[in-house]
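Observations on the three-dimensional arrangement
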Amino acid sequence: MNICMAGIDFHCADLAKREAISFVTGQVEHVLPQIQETAGVLGCVLIATCNRTELYLHTDSKEIDPLVLLTRAAHVPLAAYREVAVVRWGEDAISHLFEVAAGMQSQIFGDDQIVSQVRGAIALSRKLGCADSVLDTLFRCAVTGSKRVKTETRLVGVPASAAHRGVARAQEILGALHGKRAVVIGNGEMGRLAASLLYEAGCQVTVTLRSYRHGETVVPAGCATHPYDDRCRIIEGADLVVSATTSPHYTLCREQIEGLEYPPALMLDLAMPRDIEDAAYRNVTVLNLDALGTSEDENAQERAAASAILAQEKAEFYAWYEYRKALPVIAQMKDTALMRVRHDRSFSALYTENDIDELIELSVYKTIDMLLGGLKEGLTAAQMQTCLDKMQKGIGK
């Protein structure tokens with residue numbers, strides 16, 4: 001299966017390397033048709049996000065190097081990216097795309113946004129006339145798999161136990177939390193859980209919000225709110241700060257923390273990637289997910305469920321692809337069966353008598369006999385029953 005990809009992402013390249021080989025929509029519209037014109041390229045799709053750039057190709061030759069085409073399109077030297085880029089072929093490339101679409105390769109594990117970016121990439125390629133039927137079907141199956149993962153599992157970047165462990169460590173370090181003042185930066189699922197646990201432990205909790213919409217914004221019971229942009233003022237003098245956002249940038253950088261006159265004694269960073277810039281601070285303890293002892297293994301059950309879903313959707317693609325490969329053979333089988341039937345002497349009398357029903361019956365029976373005669377070594381009774389069930393659908397309607 002000549003499907004391949006080349007790309008770089010946050011796993012293997014720093015921001016400077018990724019920036020040099022990134023593309024905005026206008027650039028993709030310009031370079032993708034050029035890649036499509038390359039000899040041997042049957043279809044191409046380019047995924048370009050802040051964390052990854054990946055070129056997917058369907059080719060009729062394994063001589064094509066997708067990294068050569070990608071670096072050429074970005075006008076960067078191939079040698080500079082050979083060590084940091086990844087090239088995948090066949091099933092490896094297909095499995096990677098499915099995991100990317102499902103957020104399993106994202107910097108924020110289980111990222112909900114990437115599936116829209118994958119869908120947008122194939123839509124743009126289709127619009128430009130660069131997506132052939134193979135890539136179009138492949139991406140459609142990957143998007144379907146991602147949707148199923150989102151609805152059938154709870155694939156999240158940070159396990160819920162991180163909030164519980166964080167509060168437990170806070171009690172170990174600060175003692176009883178009753179009456180302590182805590183600030184929680186972030187009002188997502190993890191932030192709300194941390195705020196609720198701290199409130200239950202007796203803390204006075206304030207949650208920062210980027211915006212507030214009456215009736216839409218959910219704030220844990222008993223918690224006050226404060227604008228996110230003014231967070232440094234509200235954490236001044238607090239006993240404890242928890243940051244749990246999905247931001248790709250620091251919510252608290254070193255300069256902000258060192259600029260506090262009365263910094264909190266403890267900061268818990270429950271985000272992935274990290275929210276709080278790592279450094280040695282005077283009189284401030286900072287604990288991140290590693291220090292709390294959490295790991296991706298806690299997502300093992302959900303990972304397994306997600307992988308099983310993606311395996312089913314990949315099987316759908318492989319079944320489609322194998323059937324597509326068989327279409328020329330099916331056409332030849334039809335022509336051969338027609339020729340055999342036409343030259344069968346038992347049909348002569350029926351043609352002369354113009355017995356249409358007998359002709360149809362004899363034609364069908366002989367064709368089925370010829371077909372099954374060529375497949376009898378590989379077919380099982382169960383497969384035959386499945387075929388019969390499909391043939392019988394719609395009869396009598």
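Everything below is about the structure shown above.
Read on for an overview of the structure.

Calculation rules
- Residues numbered from 1 in each chain as written.
- Predicted model: local features only at pLDDT ≥ 70, side-chain atom pairs only at ≥ 80, totals over all residues.
- Heavy atoms only, no water.
- Helix = DSSP H or I, 4+ residues; strand = E, 2+ residues; numbered from the N terminus.
- Expected span 1.5 Å × (residues − 1).
- Buried < 20%, exposed > 50% of the residue type's maximum accessible area, 1.4 Å probe, protein only.
- Axes fitted to C-alpha atoms, helices over the stretch in contact; angles between N-to-C directions.
- Parallel < 35°, antiparallel > 145°, perpendicular 65-115°, else oblique.
- Left-handed = near helix turned anticlockwise from the far one by under 90°.
- Contact = heavy atoms within 4.5 Å.
- Pairing = 2+ DSSP bridges.
- Lys, Arg positive; Asp, Glu negative; His and termini not counted.
- Salt bridge = Lys/Arg side-chain N within 4 Å of Asp/Glu carboxyl O.
- Phe/Tyr/Trp six-rings, centres within 6.5 Å; stacked < 30°, edge-to-face > 60°.
- Lys NZ or Arg CZ within 6 Å of the ring centre and 35° of its normal.
- Core = buried A, V, L, I, M, F, W, Y, C linked by side-chain atoms within 4.5 Å.

Okay, helix 5 (residues 90-101) next. Spanning 12 residues, helix 5 covers 17 Å between terminal C-alpha atoms, matching the ideal 16 Å at 1.5 Å per step. Taken together, the buried positions of helix 5 are Gly-90, Ala-93, Ile-94, His-96, Leu-97, Phe-98, Val-100 and Ala-101. One or two residues past the end of helix 5 sits Gly-103, with phi positive at roughly 85°.

A few words now on the packing of helix 2 (residues 25-36) against helix 6 (residues 114-127). It is at 10 Å that the axes of helix 2 and helix 6 come closest, and there the two elements cross at 45°. If you check the angle between helix 2 and helix 6, you find them oblique. The element helix 2 and its partner helix 6 pack so that their crossing is right-handed. Across from Thr-25, Val-28, Glu-29 and Leu-32 in helix 2, the residues of helix 6 making contact are Leu-124, Ser-125 and Lys-127.

Let us look at the sheet that holds strand 2 (residues 41-48). Taken together, the four strands give an open sheet; going across it, the order is 2-3-1-4, and neighbouring strands pair in antiparallel fashion. If you trace the sheet from one side to the other, it starts and ends with strand 2 and strand 4 (86-89), each paired once. Across the sheet, the mean angle from the axis of one strand to that of its neighbour is 15°, orientation sign disregarded. Along the sheet, helix 5 contacts strand 1 (3-9), strand 2, strand 3 (52-59) and strand 4; its crossing angle with strand 4, the most-contacted strand, is approximately 115°.

Right, let's talk about the side chain of Arg-231 for a bit. Relative to the helices and strands, Arg-231 is located in helix 10 (residues 231-235). Despite its burial, Arg-231 remains without a salt bridge, the nearest opposite charge being carried by Asp-229 at 4.6 Å. Contact partners of Arg-231, with chain neighbours within four places excluded, come to Ile-185, Thr-208, Thr-251, Leu-252 and Gln-256.

Attention now moves to the sheet that holds strand 6 (residues 204-209). Here we have six strands laid out as an open sheet, ordered 7-6-5-8-9-10, and parallel in their pairing. Looking at the sheet topology across the chains shown, the edges are occupied by strand 7 (224-227) and strand 10 (285-287). Recorded for the sheet is a direction-independent mean angle of 20° between the axes of neighbouring strands. Across four bridges, strand 8 (residues 240-243) lies against strand 9 (residues 266-269) in parallel orientation. Opposite Leu-240, over in strand 9, you have Leu-266 as the bridge partner.

A few words now on the pattern of salt bridges. According to the stated counting rule, one finds 11 salt bridges in the structure shown. Across the salt bridge formed by Glu-54 and Arg-52, the nearest N and O atoms sit 2.9 Å from each other. Taken individually, Glu-54 and Arg-52 each receive the classification buried, so the pair is uniform in this respect. For Arg-148, the salt bridge goes to Glu-313, with nearest N and O atoms at 3.0 Å.

This part covers unusual backbone geometry. In this model, His-75 sits at a positive phi of 60°, which is unusual for a non-glycine residue. Within the fold, His-75 resides in the loop between helix 3 (66-74) and helix 4 (78-81). Even without a glycine there, the phi angle at Asn-283 is positive, about 65°.

Considering all chains together, one arrives at four aromatic pairs under this definition. An angle of 55° between the planes, with centres 5.9 Å apart, marks the rings of Phe-317 and Tyr-318 as tilted. Among the aromatic residues, those joined into a cluster by ring pairs are Phe-317, Tyr-318, Trp-320 and Tyr-321. The ring of Tyr-81 carries the charged tip of Lys-17 above its face, separated from the ring centre by 4.9 Å.

Structurally, Val-183 can be placed in strand 5 (residues 181-185). Residue Val-183 is classed as buried on the basis of its relative accessible area, which comes to 0%. Note: C-alpha distance between Val-183 and Cys-203 (20 residues apart in sequence) is 9.5 Å.

Okay, the pairing of strand 3 next. The element strand 3 is largely enclosed, with a buried count of eight among its eight residues. On strand 3, burial covers both faces: Arg-52, Glu-54, Tyr-56 and His-58 on one face and Thr-53, Leu-55, Leu-57 and Thr-59 on the other are all buried. By the bridge criterion, seven bridges tie strand 1 to strand 3 in an arrangement that is antiparallel. Each residue of the ladder has a partner; that of Met-5, found in strand 3, is Tyr-56. Bridge count between strand 2 and strand 3: seven bridges; the pairing is antiparallel. From the neighbouring strand, Val-45 faces strand 3, where its bridge partner is Tyr-56. Linkage of strand 2 to strand 3, two consecutive antiparallel strands, is achieved through a turn of three residues.

Looking now at the nonpolar core. Ile-47, Leu-97, Phe-98, Val-118, Leu-138, Phe-139 and Phe-317 are the most contacted members of the largest nonpolar core, which has 32 residues in total. Among the elements of the structure, strand 1, strand 2, helix 5, helix 6, helix 7 (133-152) and helix 13 (300-342) are those that each provide at least two residues to this core. The element that contributes the greatest number of residues to this core is helix 7, accounting for eight residues. Excluding anything up to four places from it in sequence, Phe-139 contacts Val-45, Ile-47, Tyr-56, Leu-97, Val-118 and Ile-122.

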